[in-house]
Structures are given as C-alpha cells and as structure tokens.
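Observations on the three-dimensional arrangement
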Amino acid sequence: AVVLPIVAYRLHTKHKLDLPVVAQYEPYAGVEPMYAGLLIDNRLDPKDITAAIVYLAEQGYLKISKIDKKFLFFDMSDYRVELLRRPGESAGRFLPQALALLFGEEAGSGASVTLSEIRKSFSKRMRNHSILESLRAALREDMQAKGFLEEVLKGFPTGAIAKASWAAVIVGGLLLFVGIGYAAVFVVVGLAIVTLQLAHWIRRTRRGYEAQNHLKGFKEFLSVTEKDRYAFHNAPSKSPEQFMQFLPYAIAFGMEKEWA
C-alpha cells in the first residue's frame, strides 16, 4: 500500500527536471497565455479564460470597448466585445471554445455582446456551464498536440482499455443488481475504475517541464515592481506593444496588477 503511491508519483513525474528558476524576459516559445496557466498550476482557472480572451483581442480577433454608464448617482462600467474574425484551424480547439463563451458556437464576424448581457441571461450562463467542461478537454488536447503533455500509458491502446473498463463497470453493476457475488463485483468494478483513470492519465513531457521552469522565471519577471525590474540585467525596454503582448500572461499568472 505504501509502495503504490511512490510508484504512481514516479510514473507521473518521469520527465521532471531539477533546474533552478532564472528570470526570463520572454514567454516560452509555442506557449500561449491560456496554456501557460495550465503548465504552472496544472488546472484551468477563470484567469486562464480571461487571459485567452485578452490574447484574442491582442491578436486582432476581438475588439474590447469600455462602456461608461450611470445608474442613479452611481458611475458604472460595462464592456462590449466584438468578434472581428475567427481563429483558423491551426489555433487548436481551446480558442474557438473560449469564443463560444461570449458569442455561442455559430456567431460570425461582426457579432457583439456586453458582459452584462451574459451575466443577466440565464440561458447563456447555462450554455457556458456546458462549454466549460469541453474547454478543459480542449486545453489538454491542445497541450498534447504541442508536445507539452502526454498520456502516462503512451503507446498502449488506451481507447480499448477505456472501453473494456466501462464494459466491466456495466457488467459489475448488473451482477450487483441481481445480487450475485458482492465481493467479487466490488473488486471488478474497483479495478475497472482504476484502469479507466489510468487510460486518461496525463503527465508533463520533458518539454512540458522545461516550459514550466521557463514560465516560472517569466512570472518572476512580470511580478516585480518597476523599481525592482531595473535590477534585472538585459531586461527589455518597456513599450505599449510589449505591455499588451505580455498582459495576457500576467493575467494567467495572477500578476496583472503588478505588471500594469
């Protein structure tokens, strides 16, 4: 029982690198902001989705406009997002799904929506709840395609394993329902569930760990104050273009206030 967690940890961290974190002045090549957040903390957060939307605006797919309103004596702000063009197939699955959170699946160029409209619409919020589930799968699928993540059982017929596991779960459930061999059924179902998890077990590749280490250094650069940034040697000079280029990464890392 003690050995199993150790074996699982070693299997999951097979490619892990023992490298010091050094300040980096550029993001890791091939890692867009929404992927950077996943590589840092291994989960999809709201800030990763926000980073994706700001990245789409920075790349010219969206236009974000601030709308100032007044309610009674209070000043209020809203934001209108306009779809200028959709990303091509090379952008992967995640970015189109992120756009669907705002406009739905079928909207074309010229579509627009305000954030308040999404908040007030129960149907849009329910739609987005289902889209969020597909976003998680899309993010990991894109990261696997880019070579930053891989299946732990890479090379094994994981699809066949998953199907066999589901079949065992169903058969075990039927046997349990008719009252045949409770202990045996629990063992079969338990093993099937564990095998099913293994069939979809994802870990970082060596490139994934290299990117994670690099991004930690980039996060360090984005997180320091302007005064402390002068202490970095060869740090790039600040410019509006650089600010906008790095802002989505700062959002993904939760460092947007420090960077701003």
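Everything that follows concerns the structure shown earlier in this document.
Attention here is on the structure that accompanies the text. Computed from a predicted structure; not experimentally measured.

**With respect to the nonpolar core**
V31, L62, F94, F103, L222 and F253 are the most contacted members of the largest nonpolar core, which has 54 residues in total. For this core, the elements supplying multiple residues, two or more each, are helix 2 (33-41), helix 3 (46-58), strand 2 (74-83), helix 4 (94-103), helix 6 (122-145), helix 9 (206-223) and helix 11 (240-252). Sorting elements by how many residues they give to this core places helix 4 first, with eight residues. Aside from chain neighbours lying at most four places away, what touches F253 is A36, I40, K47, L215, F218, K219 and L222.

**Points about the packing of aromatic side chains**
Going through the model one piece at a time under the given rule, you end up with nine aromatic pairs. Between F218 and F246 the ring centres are 5.1 Å apart and the planes differ by 85°, which places this aromatic pair in the edge-to-face class. With a gap of 28 residues between them, F218 in helix 9 and F246 in helix 11 connect regions that are remote in the sequence. With a relative accessible area of 0%, F218 lands in the buried category. A relative accessible area of 1% places F246 in the buried class. Where F221 meets W259, the ring centres are 6.0 Å apart and the plane angle is 55°; that geometry is what we call tilted. Taken together, the residues span a long stretch of sequence, with F221 in helix 9 and W259 in helix 12 (residues 256-259) at a distance of 38 residues. On the accessibility criterion, F221 (1% relative accessible area) is buried. Through successive ring pairs, a cluster of aromatic residues spans Y25, F218, F221, F243, F246, Y249, F253 and W259.

**Some remarks on the environment of D142**
Relative to the helices and strands, D142 is located in helix 6. Accessibility expressed as a relative area gives 6% for D142, which makes it buried. Taking C-alpha positions, D142 is 5.9 Å from G92, a pair spaced 50 residues apart along the chain. Not counting chain neighbours up to four residues away, the residues in contact with D142 comprise Y35, A91, G92, R93 and F94.

**A word on the sheet that holds strand 2**
As summarised here, the arrangement of the three strands in space is 1-2-3, forming an open sheet in which the pairing is antiparallel. Each edge of the sheet is formed by a strand with only one pairing partner; in this case those strands are strand 1 (62-71) and strand 3 (112-114). Each neighbouring strand pair of the sheet contributes to a mean axis angle of 25°, computed without reference to strand direction. Across 10 bridges, the pairing between strand 1 and strand 2 is antiparallel. Its bridge partner lying in strand 2, D68 is registered against S77. This element, helix 4, spans strand 1, strand 2 and strand 3 of the sheet and lies at about 130° to strand 2.

**With respect to the pairing of strand 2**
Here strand 1 hands over to strand 2 after two residues, with L72 in that stretch at a positive phi of 55°. The pairing of strand 2 with strand 3 spans three bridges and is antiparallel. Looking across to strand 3, one finds that V81 is bridged to V113.

**Some points on the packing of helix 2 against helix 9**
Where helix 2 contacts helix 9, the two axes come as close as 9 Å, and the packing angle between them is 100°. With respect to each other, helix 2 and helix 9 are oriented roughly perpendicular. From helix 2, A36, L39 and I40 reach across to helix 9, where they touch G208, A211, Q212, L215 and K216. Per-class residue counts for the contact of helix 2 with helix 9 are five nonpolar, two polar and one charged.

**Here we look at the side chain of T205**
By secondary structure assignment, the location of T205 is in the loop between strand 5 (202-204) and helix 9. Among the residues examined, T205 registers a relative accessible area of 9% and is labelled buried. Among residues more than four places away in sequence, those in contact with T205 are H15, G147, F148, L149 and E150.

Calculation rules
Residues numbered from 1 in each chain as written. Predicted model: local features only at pLDDT ≥ 70, side-chain atom pairs only at ≥ 80, totals over all residues. Heavy atoms only, no water. Core = buried A, V, L, I, M, F, W, Y, C linked by side-chain atoms within 4.5 Å. Buried < 20%, exposed > 50% of the residue type's maximum accessible area, 1.4 Å probe, protein only. Helix = DSSP H or I, 4+ residues; strand = E, 2+ residues; numbered from the N terminus. Contact = heavy atoms within 4.5 Å. Phe/Tyr/Trp six-rings, centres within 6.5 Å; stacked < 30°, edge-to-face > 60°. Pairing = 2+ DSSP bridges. Axes fitted to C-alpha atoms, helices over the stretch in contact; angles between N-to-C directions. Parallel < 35°, antiparallel > 145°, perpendicular 65-115°, else oblique. Nonpolar A, V, L, I, M, F, W, Y, C, P; charged D, E, K, R; others polar.

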